[in-house]
Amino acid sequence: MVEVKENENGKPLFVLTGKNTTYACKVMENGQIEHLYYGPKIAVISSDGLSEHFEFAPPNSCAYSSEFGSFSAEDVRYEYSAPGKGDIREPMIEAVYADGSRTLDPVYVSHEVKKGKPGLNGLPSSYGKDEEVETLGILLKDRNGGLEVLLIYSLFAEADVLTRCVHIQNAGDKPVTLTRALSMQLDLDPDAYTFHAFTGAWAREMKKTDIPLKAGRVGISSRTGCSSNRANPFFMISRSGTNEDAGLCYGFNLVYSGDHYESAERSAYGKVRVLSGIQPEGFSWQLLPGESFQTPEAILSVSEEGFGGLSRRFHHFIRSHVVRGEWQYRERPVLLNSWEAAYFDISESRLYRLVRVAKSVGIELFVMDDGWFGKRDDDTSSLGDWTPNKKKLPRGVKGLADKIVGLGMKFGIWVEPEMVNENSELYRSHPDWVLRIPGKDHSTGRNQMVLDLSRSEVRENIIAQMRELFSSAEISYVKWDMNRIMTDLYSQALPPERQGEVRHRYILGLYHIMEELTKAFPHILFEGCASGGNRFDPGILSYFPQIWASDDTDAVARAQIQNGYSYGYPQSCYTSHVSDVPNHQTLRRTPLETRFNIACLGVLGYECNLADLSNEELESVREQIALYKEWRKLLQYGDLYRGRCFAEAGEKDVLDSDGRADAEWTVVSPDGMRAVSVILQLMVRPNTHLCILKPKGLKALLPYRCHSRVFKTNLKDYGGLVNYVAPIHVKQDGTVHNILSKFVKLETEKEEHLIMGSALMRAGLRLSPAFAGGGYNDKLRYFPDFASRMYFFEGQGEPVPALPMKEGEGEEEEHK
């Protein structure tokens with residue numbers, strides 16, 4: 001609920017109350033907007049006690065004005081900050097007037113509250129029904145200049161999420177140049193905070209990086225032309241002592257796919273300012289009289305239920321109010337992608353061989369990746385020429401698609417429309433369509449250049465080529481790639497004084513293309529990709545309901561990458577594939593079961609040469625896919641709970657033994673009746689048989705049937721240990737060993753339990769003992785390096801009555 005009350009000074013007090021949260025700010029005597037509170041739900045009847053009282057400006061600071069001399073702008077918690085009036089902290093806006101002056105003093109003019117939420121011109125944003133969201137607009141005007149600033153707050157009360165953005169208009173009669181236009185600011189009281197960023201690089205995205213905020217400024221940013229794998233726009237701020245299940249933490253994200261900037265700054269007086277928005281470095285935007293600029297939308301939430309509670313709020317919000325269209329809640333198909341099976345060496349016959357094997361194991365969608373068009377035998381040519389290579393596909397895309405659809409499967413295709421090779425017909429015809437500085441050397445990435453999407457003719461060419469391609473066959477899925485960062489940023493369609501607008505205009509052009517194509521082909525499942533996770537953000541998710549999380553398909557690396565994504569994004573948004581071993585990115589060998597289990601924690605697919613797998617391996621894949629389909633809706637759309645994961649488990653070496661796996665995750669159905677847990681071990685601890693699983697999110701007073709998946713292991717996995725029981729000596733990897741391995745299969749341990757939810761969550765489930773060097777039978781858990789298990793929980797009947805307790809002795813841990 002958005003309320004506007006009258007403050008003690010007769011000016012407006014704004015209170016935005018969600019289901020569990022409250023946000024409050026007020027108009028000060030001088031017309032500036034003071035931030036009062038953002039946190040767990042409170043009752044606000046006035047600003048008394050919430051607003052800071054000043055009598056004198058601190059020494060060695062500047063009073064705001066002669067009329068309002070009792071305070072310094074440097075020490076006020078603001079809703080919107082600007083330079084020049086004494087606030088020396090980092091501002092939200094910077095601009096240059098025609099006379100060269102840079103001081104800005106935006107003060108209150110008016111406000112408006114309305115049901116619903118308007119869209120943003122040219123930019124994606126969250127959405128909701130009128131009964132789900134209210135919007136507050138606060139209009140400010142520069143006291144001494146022509147800029148008007150509209151602060152836009154949209155409250156999703158039930159979701160406990162607030163979105164913010166800013167609309168800036170030149171209401172004067174002379175040009176103004178913006179050099180900074182951020183989307184969100186949150187000024188917090190002094191406290192011990194930690195800044196949590198998600199950093200990385202290609203093939204190792206989303207590492208949770210914790211930076212204590214003791215003094216000065218910390219932050220992350222992108223200067224790659226996209227949201228980047230170096231620093232995702234999602235970040236958190238937590239109060240000291242916060243953990244996975246308890247403690248106060250704030251989460252922030254940006255509905256934007258270009259260069260971004262996030263920071264947290266502790267002032268000289270201990271207050272903390274949090275900012276998020278478009279990367280200001282290299283940015284400028286010229287506003288002629290009457291023109292305006294719209295910032296991207298920022299998403300905010302706060303939780304006192306730790307990182308886990310905050311994550312689930314973001315998960316629900318992204319699913320319900322960012323992702324849209326036919327695939328919003330639709331179960332995603334199990335696919336096979338051709339890339340790691342064939343790379344550029346594709347042909348209709350080779351692909352169809354893969355398809356037939358894929359069909360036999362239950363794959364639902366086949367995706368033809370790079371290499372199908374132009375003269376694309378490697379990455380040096382043909383990007384931009386989106387016509388099929390008739391040597392590889394004699395009957396074109398339609399010929400192959402028809403054969404696949406005829407088998408009862410769906411067909412998908414890979415494209416990279418934003419890029420062009422110099423060795424292409426498109427570049428030879430339009431060399432001025434790329435981002436490069438005329439007459440100067442230019443850099444390339446993966447032998448390709450970036451098309452200038454700020455130009456309408458370039459956008460229309462891409463839309464026309466993609467329309468023709470997507471209409472040429474029964475295409476159900478499109479993987480939209482973008483495989484390089486931006487360099488030599490210069491648009492030959494813009495004058496020199498507007499070159500600071502290129503990066504943002506590119507992103508606006510991209511959104512226009514995506515909007516046109518997703519509206520024209522609403523049935524197609526679009527998947528975003530940018531060398532994996534180089535453009536993973538809510539902006540892309542506003543058009544494409546899923547994104548390829550990383551080019552790294554190694555299960556161990558993927559587990560950590562996906563764990564990072566899970567802090568801000570639901571598992572239905574990131575795709576994960578089972579690939580060959582040794583893995584093509586790390587050369588690591590991991591068990592097939594582990595690869596499957598980890599891939600199930602995203603949207604499952606396969607990216608391996610199924611035609612080269614043994615019959616035994618194909619049978620395993622067949623069983624995996626059948627199991628996944630049975631639990632798919634839960635795995636894709638259930639509530640994700642992280643157990644202790646990697647760093648949270650503490651530093652352990654191979655001689656440590658604490659009875660817990662290195663990582664645990666549990667996905668729970670919305671009603672709490674079904675759940676799946678996955679555990680992962682990195683390295684074996686010698687002579688360690690105990691492992692305790694503690695799932696989360698279950699109904700405390702409901703009994704659960706707990707069971708495991710039983711599968712077969714290869715005798716060769718035990719090496720020469722087989723001689724411990726063999727009547728004759730069996731040479732490891734010898735003829736007898738190989739023959740025995742074909743006929744002798746060892747089943748894994750079988751878990752079958754009936755146990756209360758409270759016991760599972762508090763005491764934990766003691767799993768079958770692991771092999772510890774003292775003997776082996778079918779009751780032991782075969783759990784080598786990089787091993788994983790999946791466990792299933794099914795509620796039985798109705799919750800039992802609670803046992804009588806003394807007052808304050810305990811609380812029921814119901815699934816929320």
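Residues numbered from 1 in each chain as written. Predicted model: local features only at pLDDT ≥ 70, side-chain atom pairs only at ≥ 80, totals over all residues. Heavy atoms only, no water.

Q: Mind showing me how you'd approach the packing of aromatic side chains here?
A: Each aromatic ring pair is summarised here by two numbers: the centre-to-centre distance and the angle between the ring planes. Under the defined criterion, the tally for this structure stands at 36 aromatic pairs. Members of the aromatic cluster, joined through ring pairs, are F198, F234, F307, F314, F536, Y565, Y567, Y569 and Y574. (Phe/Tyr/Trp six-rings, centres within 6.5 Å; stacked < 30°, edge-to-face > 60°.)

Q: Can you walk me through the layout of surface pockets in this structure?
A: One water molecule sets the probe size; rolling that probe over the atoms shows where empty space is left. Considered as a void within the structure, the second largest pocket measures approximately 1100 Å³ in volume. Those elements that place two or more of their residues in the lining of the second largest pocket are β29 (574-579), α10 (592-600), α11 (615-637), β36 (712-714), β37 (745-747) and β40 (788-795). Sorting elements by how many residues they give to the lining of the second largest pocket places α11 first, with five residues. Along the lines of polarity and charge, the residues of the lining of the second largest pocket split into 11 nonpolar, 10 polar and 17 charged. (1 Å grid on protein atoms, 1.4 Å probe; cavity = no way out; pocket = protein on both sides within 12 Å on 5 of 7 lines; lining within 4 Å. Points joined across faces, edges and corners; volume = space filled by probe spheres on them. Helix = DSSP H or I, 4+ residues; strand = E, 2+ residues; numbered from the N terminus. Nonpolar A, V, L, I, M, F, W, Y, C, P; charged D, E, K, R; others polar.)

Q: Looking at this structure, I do not really get the confidence of the model for the protein. What am I missing?
A: Low pLDDT means the predicted coordinates in that region are not meant to be read closely. Mean pLDDT over the protein: 94, with 97% of residues reaching 70 or higher. In this model residues 807-816 is a low-confidence stretch, pLDDT under 50, and it forms 24 contacts with partners more than four residues away in sequence or in other chains. (pLDDT = per-residue confidence, 0-100. Contact = heavy atoms within 4.5 Å.)

Q: Explain the sheet that holds strand β1 (residues 2-6) to me, please; I cannot follow it from the model alone.
A: Within a sheet, adjacent strands bond to each other through the backbone by hydrogen bonds, running parallel or antiparallel. Read from one edge to the other, the open sheet built from four strands follows the order β1-β2-β3-β4, with strand pairing classed as antiparallel. What marks the edges here is a single partner per strand, and that holds for β1 and β4 (33-40). In this sheet, adjacent strand axes meet at a mean angle of 15 degrees when their direction is disregarded. Relative to strand β3 (residues 21-27), strand β2 (residues 12-17) is paired through five bridges, and the arrangement is antiparallel. The partner of F14 across the bridge, within β3, is C25. (Pairing = 2+ DSSP bridges. Axes fitted to C-alpha atoms, helices over the stretch in contact; angles between N-to-C directions.)

Q: Help me understand the nonpolar core, please; the structure alone is not making it clear to me.
A: Nonpolar side chains tend to gather and get buried jointly when the protein is soluble and globular. Membership of the largest hydrophobic core comes to 192 residues, with the highest contact counts inside it found for L178, M368, W372, Y606 and W665. Those residues in contact with L178, other than ones at most four positions away along the chain, are I93, E94, A95, L147, I168, F283, S284, W285, L287 and F293. Of all hydrophobic cores here, the second largest spans 21 residues; its members include Y641, V668, L760 and F793. (Core = buried A, V, L, I, M, F, W, Y, C linked by side-chain atoms within 4.5 Å. Buried < 20%, exposed > 50% of the residue type's maximum accessible area, 1.4 Å probe, protein only.)

Q: Where do I start with the packing of helix α6 (residues 456-471) against helix α7 (residues 502-520) in this structure?
A: When two helices pack together, their arrangement is given by the angle between the helix axes and the distance between those axes. Closest axis-to-axis distance for the α6/α7 pair is 10 Å, and the angle between their directions is 25 degrees. As summarised for this structure, α6 and α7 are arranged roughly parallel, according to the angle between their axes. Remark: the crossing between α6 and α7 carries right-handed chirality. On α7, the residues touching R459, E460, I462, I463, M466, R467 and F470 of α6 are G509, H512, I513, E516, L517 and A520. The residue makeup of the contact of α6 with α7, split by class, is seven nonpolar, two polar and four charged. (Parallel < 35°, antiparallel > 145°, perpendicular 65-115°, else oblique. Left-handed = near helix turned anticlockwise from the far one by under 90°.)

Q: Just checking my understanding: could you explain the sheet that holds strand β31 (residues 639-645) for this structure?
A: Sheet architecture is open: six strands sit in the order β31-β32-β33-β40-β35-β38, paired in antiparallel fashion. A single partner strand is all that each edge strand has here, and the edge strands are β31 and β38 (752-756). Averaged over all neighbouring strand pairs, the angle between strand axes comes to 20 degrees, with direction disregarded. Pairing of strand β35 (residues 703-708) with β38, which is carried by five bridges, proceeds in the antiparallel orientation.

Q: Which parts of the structure should I look at to understand a nonpolar patch on the surface?
A: Together, L721, Y724, V725 and F771 make up a nonpolar patch on the protein surface, roughly 460 Å² of accessible area in all. Within the secondary structure, V725 is located in the loop between β36 and α12 (735-743). You can call V725 exposed: its relative accessible area is 67%. (Patch = residues over 30% accessible without salt bridge, like charges linked within 9 Å, V, L, I, M, F, W, Y side chains within 5 Å. Areas by Shrake-Rupley, 256 points an atom, 1.4 Å probe, with all protein chains shown as cover. Salt bridge = Lys/Arg side-chain N within 4 Å of Asp/Glu carboxyl O.)

Q: Teacher, can you tell me more about the side chain of E418 here?
A: With respect to the helices, strands and loops of the structure, E418 is situated in the loop between β23 (410-415) and β24 (419-420). A distance of 2.6 Å separates the side chain of E418 from the side chain of Y506, its partner in a polar contact. If we skip the residues at most four places from it in the chain, E418 touches M449, V450, L451, L453, W480, D481, M482, Y506, L510 and R535. (Polar contact = N/O pair within 3.5 Å; in protein donor to acceptor, adjacent residues only side chain to side chain.)

Q: Just checking my understanding: could you explain the pairing of strand β30 (residues 603-607) for this structure?
A: Along any regular strand the residues' side chains alternate between the sheet's two faces. Most of β30 sits inside the fold, with five of its five residues counted as buried. On β30, burial covers both faces: V603, G605 and E607 on one face and L604 and Y606 on the other are all buried. Strand direction decides the pairing type here: strand β21 (residues 335-337) and β30, joined by two bridges, are parallel. Looking at β30, one finds that L335 is bridged to G605.

Q: Any chance you could explain the side chain of T553 here in plain terms?
A: You can see T553 is positioned in the loop between β28 (546-548) and α9 (555-565). Polar side-chain contacts of T553 include one of 3.4 Å to the side chain of E340. A distance of 2.8 Å separates the side chain of T553 from the side chain of S579, its partner in a polar contact. Ignoring any residue separated from it by four or fewer positions in sequence, one finds T553 in contact with E340, W548, R558, H577, S579, N583 and Q585.

Q: Honestly, the environment of G672 in this entry has me stumped. Any pointers?
A: On the secondary structure map, G672 appears in the loop between β32 (663-668) and β33 (674-680). Given the relative accessible area of 0%, G672 is considered buried. Separated by 28 residues in the primary sequence, G672 and A700 place their C-alpha atoms 9.8 Å from one another.

Q: In this structure, what is going on with the packing of helix α3 (residues 348-361) against helix α4 (residues 396-406)? I would like to understand it.
A: In the contact formed by α3 and α4, the axes pass within 11 Å of each other and the chain directions differ by 20 degrees. Classified by the angle between their axes, α3 and α4 sit roughly parallel to one another. Handedness of the crossing formed by α3 with α4: right-handed. On α4, the residues that touch E348, L351, Y352 and V355 of α3 are L400, K403 and I404.

Q: It is not clear to me how the pattern of salt bridges should be interpreted in this structure. Could you clarify?
A: Side-chain pairs of opposite charge can arise where the charged atoms are in close proximity. Throughout the structure, instances matching the rule amount to 56 salt bridges. The partner of E416 in a salt bridge is R446, and the shortest N-O contact between them spans 3.8 Å. In this pair, E416 is assigned in the loop between β23 and β24 and R446 in the loop between α5 (425-429) and β25 (449-450), connecting sequence segments 30 residues apart. For K519, the salt bridge is made with E515, and the minimal N-O distance between the two is 3.0 Å. Of this pair, K519 and E515 both sit in helix α7, four residues apart, which is roughly one turn of the helix. By sharing partners, the salt bridges in this structure join E90, E94, R180, R217 and E265 into a single network.

Q: What exactly am I supposed to notice about the pairing of strand β16 (residues 260-266) here?
A: The element β16 is largely enclosed, with a buried count of seven among its seven residues. Taking every second residue as pointing to the same face, both faces of β16 are buried, with H260, E262, A264 and R266 on one and Y261, S263 and E265 on the other. As paired elements, strand β13 (residues 216-221) and β16 share six bridges and run antiparallel to each other. Bridge pairing in β16 links S221 to Y261. Inspection of the sheet shows β16 paired to strand β17 (residues 272-278) by seven bridges, in the antiparallel sense.

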